[in-house]
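Coordinates in review
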Amino acid sequence: MDVSLAGIKHSVFINSLKLLIKLAPSATTPMSFVGAGSAAQLSEHIARLGLKRVMIVTDKPLVELGIVAKAGDVLTAAGVDVTIYDGVLPDPTFELVEMGLLVQRQHQCDGVLAIGGGSAIDTAKTIAAAATNGGNARAMVGYFKAKIQPLPLFAIPTTSGTGSEVTFGAVISDAVSHEKFIVGDSKIVPRAVALDPKLMTGLPQAITAATGMDALTHAVEAYLSTWATPQNDAYAKMAIKMIFEYLPVAYDKGADLHAREQMSIAAYYAGLTINEAVVGNVHAIAHQLGAWYATPHGLANAIVMPEVLRFSKDAVLDKLAELADLIEVGDRSDTPSMKADNFINAIVQLNESFGIGTTLDAIRIPDITAIAVRAVKEGAGYPVPKLMDQQECEQMIRAMCV
């Protein structure tokens, strides 16, 4: 396809999508409880709302660690009947959502509380929406498919990365094709959330790093988006500065409550930015690596981000230079091009400090063309500053091969 024609088609699609989102009801920022013990505060809030039967959507490890009980016991003590669905796995599938819907119907739950990372929250979002809109999870795929208000939804994130507790999107996978689908609707934003650092102190270093780099990717891609606004830029810059400052501390000193709390807030800010400015080519490629090789999403984003920023550099030179000044790398007298390189190198160095390299062992050369086809298609659906074509995408993926 001619590059100019691809650019025109992309512009038309993105402008049409922007209009659709603008005309749709805007997402309401959740009521937020922040700090040690905030999970219990959220549970008390849920009970005060008068809900009678709440389903907690989570995974088995969090149940076994006793984290789910911290919220569930408060609800039970307040007279709320609690049902636990702990079938969530990484990259949740439609089948997992359907099993959760079955549990919800069997117990006639009138509210949903997600406890966990992005997988748990995305599963809970889709369950809450499908429960009141025909009970079909796949019917929720796309934008603004929830015609009826979802079940009241609440979230307690146990990682600082996805920002799903504040975004209007959920990602659900097909178990056979491994293709990822977007459920996007302002109605699925949780009504209230708890950012409780005490629930995150036991996170392993690898998960702390990967989820933190996921949040950084959100903030950076939103800042570079063609949909960026001054308000979103402010949130993105706060998130980026906080992540560079506090993620290394949370990684090295996992029990540091202040660092954990600041990372939770940074991920929340980053989530707010992608509600308006969306993500970009980093996610388009990272999603495929997750689909093909089950690469953890944050890890994939961390490895892909420097390659995409180098590719996009000429289109976002001034903004990358601004981010270099923001995190105070290099010299303010450097040229914009040098500053852009300084910021990209700072991300590479951050990755290296966490033991994240520049390559991904899992990538197989025969898969690259097919991965790029899907990545280019997905990237064309985002307000990216620079559209990638098949050859350019393949080059970036090859650069990540061992």
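Here, the structure is the one placed above.
So, here's what we can say about the structure. (Residues numbered from 1 in each chain as written. Predicted model: local features only at pLDDT ≥ 70, side-chain atom pairs only at ≥ 80, totals over all residues. Heavy atoms only, no water.)

1. Considerations on the overall build of the protein chain
How we decide: Only DSSP runs of H or I with at least four residues qualify as helices, and only runs of E with at least two residues qualify as strands; both kinds are numbered from the N terminus onward. Computation of the radius of gyration draws on C-alpha atoms, with the globule rule given as 2.2 Å multiplied by the number of residues to the power 0.38. Only protein chains enter the accessibility calculation, which uses a 1.4 Å probe; a residue whose area is less than 20% of its type maximum is buried, one above 50% is exposed, and one in between is partly exposed. In short, Shrake-Rupley with a 1.4 Å probe defines the accessible areas, and a residue's cover is counted only from the protein chains shown.
Of the regular secondary structure elements, the protein chain holds 15 helices and 9 strands. For a compact globule of 402 residues, the expected C-alpha radius of gyration is about 21 Å, and the protein chain comes in at 20 Å, within 12% of that figure. The principal-axis extent of the C-alpha atoms belonging to the protein chain is close to 60 × 45 × 40 Å. Within the protein chain, the proportion of its 402 residues that are buried is 56%. Surface exposure of the protein chain reaches about 16400 Å², of which carbon and sulfur atoms provide 56%.

2. Section: a nonpolar patch on the surface
Inclusion rule: Residues enter patches when their relative accessible area tops 30% and they take part in no salt bridge; the joining distance is 9 Å for like charges and 5 Å for the nonpolar side chains Val, Leu, Ile, Met, Phe, Trp and Tyr. For salt bridges, the criterion is a side-chain nitrogen of Lys or Arg within 4 Å of an Asp or Glu carboxyl oxygen.
On the surface, a nonpolar cluster with roughly 270 Å² of combined accessible area is contributed by Leu5, Ile8 and Val12. With respect to the helices and strands, the residue Leu5 is situated in helix 1 (residues 3–23). What makes Leu5 partly exposed here is its relative accessible area of 38%.

3. Description of the packing of helix 11 (residues 297–312) against helix 15 (residues 390–399)
Condition: Axis lines are fitted through C-alpha atoms, for helices just across the contact stretch, and the angle between N-to-C directions can take any value from 0 to 180 degrees. Comment on the angle field: the value is read as roughly parallel under 35 degrees, roughly antiparallel over 145, roughly perpendicular from 65 to 115, and oblique elsewhere. Note on convention: the crossing is left-handed when the near helix lies turned anticlockwise from the far helix by less than a right angle, right-handed when the turn is clockwise. We call two residues in contact when some of their heavy atoms are within 4.5 Å. Polar here means any residue outside two lists: the nonpolar Ala, Val, Leu, Ile, Met, Phe, Trp, Tyr, Cys and Pro, and the charged Asp, Glu, Lys and Arg; Gly therefore counts as polar.
With their axes 10 Å apart at the nearest point, helix 11 and helix 15 run at an angle of 140° to one another. The angle between helix 11 and helix 15 falls in the class oblique. The handedness of the crossing between helix 11 and helix 15 comes out as right-handed. Taking contact as the criterion, the partners of Glu307, Val308 and Phe311 in helix 11 are, on helix 15, Glu392, Met396 and Ala399. Its residues assigned to classes, the contact of helix 11 with helix 15 comprises 4 nonpolar, no polar and 2 charged.

4. Details of the sheet that holds strand 8 (residues 180–184)
Definition in use: Two strands are counted as paired when DSSP detects at least two bridges linking them.
The 3 strands lie next to each other as 5-8-7, forming an open sheet whose pairing is mixed. Both edges of this open sheet fall to strand 5 (142–143) and strand 7 (169–173), since each of them pairs with a single strand only. Pairing geometry for strand 5 and strand 8, over 2 bridges, is parallel. Across the sheet, residue Gly142 finds its bridge partner in strand 8, namely Val183.

5. Some remarks on the nonpolar core
Selection criterion: We define a nonpolar core as any set of buried Ala, Val, Leu, Ile, Met, Phe, Trp, Tyr and Cys residues linked to one another through side-chain atoms lying within 4.5 Å.
By size, the foremost hydrophobic cluster in this structure holds 108 residues, and its most contacted members are Met213, Leu216, Ile240, Ile285 and Phe343. Beyond its immediate chain neighbours, meaning those up to four positions away, Met213 contacts Leu247, Gly298, Ala302, Met305, Ile347, Leu350, Asn351, Phe354 and Ile356. The next biggest cluster of nonpolar side chains, apart from the first, holds 21 residues, and it includes Phe33, Ala39, Ile46 and Ile156.

6. With respect to the pattern of salt bridges
When the charged atoms of two side chains lie near each other, side chains of opposite charge can form a pair. What the rule picks out here adds up to 11 salt bridges. When the shortest N-O distance is used, the salt bridge between Lys180 and Asp91 registers 2.7 Å. A residue pair is termed long-range when its members are at least 10 positions apart, and Lys180 in strand 8 and Asp91 in the loop between strand 3 (81–85) and helix 5 (94–107) qualify at 89 residues. What makes Asp91 partly exposed here is its relative accessible area of 28%. Here Arg138 ties to Asp174 by a salt bridge, and the two come within 3.1 Å at their closest N and O atoms. Linking Arg138 in the loop between helix 6 (118–131) and strand 5 with Asp174 in the loop between strand 7 and strand 8, this pair joins segments that are 36 residues apart in sequence. Arg138 gets classed as partly exposed once you look at its relative accessible area, which sits at 38%.

7. Regarding the packing of helix 7 (residues 205–224) against helix 8 (residues 230–252)
Helix packing for two helices is described by the angle between their axes and how far apart those axes are. Look at helix 7 against helix 8: their axes get within 9 Å of each other, and the N-to-C directions meet at 165°. With respect to each other, helix 7 and helix 8 are oriented roughly antiparallel. In the crossing of helix 7 with helix 8, the sense of the turn from one axis to the other is left-handed. Contacts between helix 7 and helix 8 pair Gln205, Thr208, Ala209, Gly212, Met213, Ala215, Leu216, Ala219, Val220 and Tyr223 from the former with Asp233, Ala236, Lys237, Ala239, Ile240, Ile243, Phe244, Leu247, Ala250, Tyr251 and Asp252 from the latter. For the contact of helix 7 with helix 8, the per-class residue count stands at 15 nonpolar, 3 polar and 3 charged.

8. A look at helix 14 (residues 368–379)
For clarity, the threshold we go by: Here the expected span of a helix is defined as 1.5 Å times the quantity of residues minus one. The arc in question is the one spanned by the directions pointing from the helix axis to the C-beta atoms.
Its 12 residues place the ends of helix 14 16 Å apart at the C-alpha level, agreeing with the 16 Å of an ideal helix rising 1.5 Å per residue. Listed as buried for helix 14 are Ile368, Ile371, Ala372, Ala375, Val376 and Gly379. Buried residues along helix 14 cover an arc of 130° about the axis, so they all sit on one side.

9. Examining empty space enclosed by the protein
A water-sized probe rolled over the atoms picks out the places where empty space is left. Note the threshold: Only protein atoms enter the calculation, which uses a 1 Å grid: trapped sets of points that fit a 1.4 Å probe without letting it out are cavities, open sets showing protein on both sides within 12 Å along at least five of seven lines are pockets, and any residue with an atom within 4 Å of a point is a lining residue. Grid points are joined across faces, edges and corners, and a volume is the space filled by probe spheres set on the points.
Following the criterion strictly, the structure yields 3 cavities of 30 Å³ or more and no others. Forming the walls of the largest cavity are 15 residues, and the residues nearest its centre are Glu221, Leu224, Asn281, Val308 and Pro385. In terms of residues, the lining of the largest cavity owes the most to one element, helix 11, which gives 4 residues. Here the residues of the lining of the largest cavity sort into 10 nonpolar, 4 polar and 1 charged.

10. Regarding the sheet that holds strand 3
With parallel pairing, the 6 strands of this open sheet are ordered in space as 1-9-6-4-2-3. Looking at strand neighbours, the two that pair on one side only are strand 1 (31–34) and strand 3, the edges of this open sheet. Averaged over all neighbouring strand pairs, the angle between strand axes comes to 20°, with direction disregarded. Here strand 2 (residues 53–57) runs beside strand 3; their pairing, made up of 5 bridges, is parallel.

11. What to know about the state of the cysteines
Among covalent bonds in proteins, the disulfide is the one between the sulfur atoms of two cysteines. Test applied: In plain terms, two cysteine sulfur atoms within 2.5 Å form what is called a disulfide here.
Here the structure, examined in full by the defined rule, presents 0 disulfides. With no disulfide of its own, Cys393 lies closest to Cys401 among cysteine sulfurs, the gap being 12 Å. Of the residues examined, Cys401 reaches a relative accessible area of 14% and is grouped as buried.

Purely geometric stuff here, so don't read any function into it on its own.
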